[in-house]
Amino acid sequence: MAPPPPTAVESAINFADHPILKSVEDPVVEQLSLNPDTIIRHNAAPATLYEDGLLEKGTTISSTGALMAYSGSKTGRSPKDKRIVDEETSSQNIWWGPVNKQVDELTWKISRSRALDYLRTREKLFVVDAYAGWDPRYRIKVRIICARAYHALFMTNMLIKPTDEELKNFGEPDFTVYNAGQFPANVHTKGMTSSTSVEINFKDMEMVILGTEYAGEMKKGIFTVMFYLMPIKHKVLTLHSSCNQGVETGDVSLFFGLSGTGKTTLSADPKRELIGDDEHCWSDNGVFNIEGGCYAKCINLSAEKEPEIFNAVKFGSVLENVVYDPYTKVVDYDDSSITENTRCAYPIEYIPSAKIPCLADTHPKNIILLTCDASGVLPPVSKLDNSQVMYHFISGYTSKMAGTEVGVTEPQAVFSACFGQPFLVLHPMKYAQQLSDKISEHNSNAYLLNTGWVGAGFKDGGKRCPLKYTRAILDAIHSGELENAEYEKFPVFNLNVPKAISGVPSELLNPARSWVKGADAFNTEVKSLAAKFNENFKIYSDEATAEVKAAGPDA
């Protein structure tokens, strides 16, 4: 059947000039040597990406209007398949090892050609040109080229949208991502250990994704690039943190932590303006968000516990790997049968308390190191001196939450340097020293906040610290109550623990008093965790100062 004739309004539109319908004129055609007939959606509107996304298998719309999509067999990051090209311009700066695996330039060329060959076979491609970094003095221009509409909408949300004028004059990108995740890597290529490969080349300023459709690989790839470029090029500190600011006081708080520790949840505070939920930079001018959106975990999401995030799941958002009723399209956020790592990507402006533009021209007053302690040993909150901040920042202890990475099905105790080891490019001490210098210069307060188990560990029937108590602790930090609180020493770790906090049961503050199996069992767990800290810190002891080493737990 022929389409209906255009309306008067449609007839007045010059479709040949519409950016999402251009093909031959698009610079990507020449960049990839594409067939001129290839359809390219360049910075397409969400509605257009919905139309294209609904043509993809398994993609549909939720009852609240979000685009629901599946990432295939990979429902989390694949850190063991992350590689950096060993080339002369950056090799001397890279922290080579398990985090940053080397790949030679020949293998890179093979992977890049494989990705581009796949993209050239697609009848339709999606291109997103946008920025990483809200401060114009430091931002980089990023181009995403992918074959799935949901990936394009995801990065449209996660990067910072250019204005029409900025897009018109965007020019060549500073960094390009070729996402051919539907196509596998060549397992016979030197250095490949699976059909998945995420490779970054700092000389060519490009990234290739093969063998995984998990959208978070794009987001974290750009984060890794910023972890390299900002300290090297601008001497700006890149941080795996969320950030918010007091509406009336203007005080800024940074929340460090791995996925699952509460960065997104705790920073989305209706009493404070949200600067960002995951990735920031601390410059001489203040703090700025790297991203234009949020990527929130959705497992057990509810309007009661996390209203700001719950209400952000609407038209324009992307729900990833969630389970829903096939008739009503209502999402069951408690269902983890696909993965514990269910996610939603939404523009930051969907949070009513978001501060736009996402930056602050003041320096952080509060530094909050988040940990999710599955052993139930660490106190819900401790005040840290500068040496303790350095020690716990370098250690980066937490429990890796289920589903955040492939193969993780229950909390696992891990140490992740700078609370972001999978994304570090330089040696952790370089970031740690920068943080120490800034804390000293700006006289910031620092706290270790445990959002993990209380009363007992995960395996012994303990429960996670109730969110209402964690929020009460944060209120006490922001109000200044904890600056003037009375403290007591927590044994072995020598942490300063407050004796009382408004709205929090006092017995909850010191785990020694709430441990269900008695003092002997508690002391055994404390010593066990302390031994793990000390063993882990041996990696950094040669470069750490005597004061920092002394800030660790007693042997």
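Residues numbered from 1 in each chain as written. Predicted model: local features only at pLDDT ≥ 70, side-chain atom pairs only at ≥ 80, totals over all residues. Heavy atoms only, no water.

How we decide: UniProt positions are given in the numbering used here, feature names are shortened, and annotations may be inferred rather than shown by experiment.
With an unreviewed UniProt entry as reference, the protein is termed Phosphoenolpyruvate carboxykinase (ATP), source organism [Candida] subhashii. Under the Catalytic activity (unreviewed entry) heading, UniProt states for the protein: "oxaloacetate + ATP = phosphoenolpyruvate + ADP + CO2".

## Here we look at the overall build of the protein
Inclusion rule: Under the scheme used here, helices are H or I runs from DSSP no shorter than 4 residues and strands are E runs no shorter than 2 residues, and both carry numbers assigned from the N terminus. When we talk radius of gyration, it's over C-alpha atoms, and the globule rule is simply 2.2 Å times the number of residues to the 0.38. Burial classes: relative accessible area under 20% of the type maximum marks a residue as buried, over 50% as exposed, and values in between as partly exposed (1.4 Å probe, protein chains only).
Along the backbone of the protein there are 16 helices and 30 strands. Taken over C-alpha atoms, the radius of gyration comes to 24 Å for the protein, in line with the 24 Å a tight globule of 555 residues would show. With the principal axes as the frame, the protein shows a C-alpha extent of 80 × 55 × 45 Å. Of all 555 residues assigned to the protein, the portion counted as buried reaches 60%.

## Overview of the pairing of strand β22 (residues 366-371)
To keep it simple, the criterion reads: One requirement defines pairing of two strands: DSSP has to find at least two bridges between them.
In terms of burial, β22 is a largely internal element, six of the six residues being buried. Here β22 shows no split at all, with Asn366, Ile368 and Leu370 on one side and Ile367, Leu369 and Thr371 on the other all buried. Judged from the six bridges that link them, β22 and strand β26 (residues 445-450) form a sheet pairing that is parallel. Residue pairing for β26: asparagine 366 is matched across the bridge by asparagine 445.

## What about the environment of arginine 148?
Here is the rule we go by: Contacts between residues were defined by any pair of non-hydrogen atoms, one from each residue, lying within 4.5 Å. Within 3.5 Å is the distance limit for a polar contact, defined as a pair of N or O atoms, with the added protein rule that one can donate a hydrogen and the other accept it, and that residues adjacent in sequence qualify only through two side-chain atoms.
Tracing the chain through its elements places arginine 148 in the loop between β7 (140-146) and α5 (149-158). Put simply, arginine 148 and glutamate 56 are 92 residues apart on the chain and 7.8 Å apart in space, counted from C-alpha to C-alpha. Residues within four places of arginine 148 in sequence aside, it is in contact with Glu56, Thr59, Ala69, Tyr70, Ser71, Phe126, Gln182 and Glu213. At a separation of 3.2 Å, a polar atom in the side chain of arginine 148 contacts the side chain of glutamate 56.

## Let's talk about the sheet that holds strand β10 (residues 206-210)
Basically, it comes down to this: Axis lines are fitted through C-alpha atoms, for helices just across the contact stretch, and the angle between N-to-C directions can take any value from 0 to 180 degrees.
In space, the eight strands of this open sheet follow the order β1-β6-β7-β8-β10-β9-β4-β5, with mixed pairing throughout. Each of the sheet's edge strands pairs with one partner strand only, and the pair in question is β1 (39-42) and β5 (101-103). Strand-to-strand twist of the sheet, defined as the mean angle between neighbouring strand axes without regard to direction, takes the value 20 degrees. In the packing of α5 onto the sheet, contacts are made with β6 (124-132), β7 and β8 (175-180), and the angle to β6 comes to roughly 10 degrees.

## Quick look at the packing of aromatic side chains
Rule in force here: Any two of the Phe, Tyr and Trp rings considered here, Trp counted by its six-membered ring, make a pair once their centres fall within 6.5 Å; the pair's planes then place it as stacked at under 30 degrees, edge-to-face at over 60, or tilted in between.
Applying the stated criterion across every chain yields a total of 23 aromatic pairs. Relative to phenylalanine 423, the ring of phenylalanine 223 lies with its centre 5.4 Å away and its plane at 40 degrees, an arrangement referred to as tilted. You can see phenylalanine 223 sitting in helix α7 (residues 216-234) and its partner phenylalanine 423 sitting in the loop between β25 (412-415) and α11 (428-442), a full 200 residues away along the chain. Among the residues examined, phenylalanine 223 registers a relative accessible area of 0% and is labelled buried.

## Focus on the sheet that holds strand β16 (residues 293-297)
Strands sit in the order β2-β3-β17-β20-β16 across an open sheet of five strands; the sheet is mixed. Whereas interior strands pair on both sides, the edge strands pair on one side only; in this sheet they are β2 (60-61) and β16. Two elements, β16 and strand β20 (residues 343-347), share five bridges in a ladder whose sense is antiparallel. Considered in β20, the bridge of lysine 297 is made with arginine 343.

## Description of the confidence of the model for the protein
Worth spelling out the cut-off: Per-residue confidence from the prediction method is given by pLDDT, with values spanning 0 to 100.
Residue-level pLDDT values for the protein average 91, and 93% of them are 70 or greater. Long-range and interchain partners of residues 1-24, a stretch whose pLDDT sits below 50, account for 22 contacts in this model, where long-range means more than four residues apart.

## Regarding the environment of threonine 342
If you trace the backbone, threonine 342 turns up in the loop between β19 (331-332) and β20. What makes threonine 342 buried here is its relative accessible area of 2%. Threonine 342 sits 55 residues away from tyrosine 397 along the chain, and the two C-alpha atoms are 23 Å apart. Filtering out sequence-adjacent residues up to four positions away, threonine 342 remains in contact with Ala296, Lys297, Cys298, Ile299, Glu320, Asn321 and Val322.

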